[in-house]
Amino acid sequence: QTAGTIRASLAERLAYLRFDQADADLLYSLQPLVQQHADEIVRAFYEHLIAFDTTRDLLRDEAVMTRLVEVQKVYLGEMFGGIYDERYAERRVAVGRTHDRVGLEPSWYLGAYHLYQRVLFPLVTEHLVSRGAGQGEVNDSLLAITKAMTLDIDLALETYFGAYSEALRAEKERLEVLTDELQGSNAALNDLTERLEDRVRERTSELLDSEGKLRQAEKLATIGKMTSMMAHEIRNPLSSVLLNLEL
């Protein structure tokens, strides 16, 4: 899918940058100079990177550092290779994908291109002037380098943005799942609440009914007690009368 996007839009990107065959030819003519000074350029590049804590943390492993030095040499060679087709674009996208995977933020990535400009521009200018080139040729060459770097940045940042969009999409899906689960839990909780309320009402009614029966029984017991007392009070006088009659 990514490759399809690149194939469909690479020509438009080149046209938008006014990156044409003349620029490609200028860059290719500078390739021998860049390859001759590749060690110097890459060394200056990584010396600058390790001067900062964030980028230095990514380069602590010596084996990784050695491999990246060689990768950067190849990268520079391709930038001045004179061919800027779909395969070139796909390799730049892969670079952006790698940087995103290792956690290199875009701000550091963009700053690296500025560093390359600081190293390459004086080198190229001195080389061209020493060959008798006029200011126009120097400006065209520096502009061609800027166009190539801008193309690389464009392609790599698309990978960053794609990764961010994918992360946001995944987070959105995760939140939707959690929302559905919460809604399901709320429905179950509401159902349980309703059943508990029904049970409380039933139990309250039973208790009230029992309380009414208990009060009725207490009333009957009181009446029975009063009746017994009255019968006792009545019996006592009658007993006295009957006793006197017998005497």
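Predicted, not measured: the structure shown is a model, and the values here were computed from it.

Looking at helix α7 (residues 106-130)
Between the first and last C-alpha of α7 there are 36 Å, a value that for 25 residues agrees with the 36 Å anticipated at 1.5 Å per step. Taken as a whole, α7 has its buried residues at Pro-106, Tyr-109, Ala-112, Tyr-113, Leu-115, Tyr-116, Leu-120, Leu-123, Val-124 and Leu-128. One or two positions beyond α7, positive phi appears at Gly-132, with a value near 85°.

Some words on the packing of aromatic side chains
Evaluated as defined, the whole model comprises 4 aromatic pairs. Summarising the aromatic geometry, the rings of Phe-45 and Tyr-46 are spaced 5.0 Å apart at their centres and angled 85° between planes, so their arrangement reads as edge-to-face. When sorted by exposure, Phe-45 lands in the same class as Tyr-46, which is buried. When the centroid spacing of 4.7 Å and the interplanar angle of 5° are considered together, the rings of Phe-45 and Tyr-116 count as stacked. Within this pair, whereas Phe-45 is found in helix α3 (residues 38-49), its partner Tyr-116 is found in helix α7, the two being separated by 71 residues in sequence. The burial state of Phe-45 is the same as that of Tyr-116; both residues are buried.

Some words on unusual backbone geometry
In the Ramachandran plot, Arg-18 falls in the positive-phi region, its phi being about 55° despite a non-glycine side chain. Here Arg-18 is to be found in the loop between α1 (2-17) and α2 (21-36). For Arg-18, a relative accessible area of 69% corresponds to the exposed category.

Cut-offs and rules
- Residues numbered from 1 in each chain as written.
- Predicted model: local features only at pLDDT ≥ 70, side-chain atom pairs only at ≥ 80, totals over all residues.
- Heavy atoms only, no water.
- Helix = DSSP H or I, 4+ residues; strand = E, 2+ residues; numbered from the N terminus.
- Expected span 1.5 Å × (residues − 1).
- Buried < 20%, exposed > 50% of the residue type's maximum accessible area, 1.4 Å probe, protein only.
- Phe/Tyr/Trp six-rings, centres within 6.5 Å; stacked < 30°, edge-to-face > 60°.

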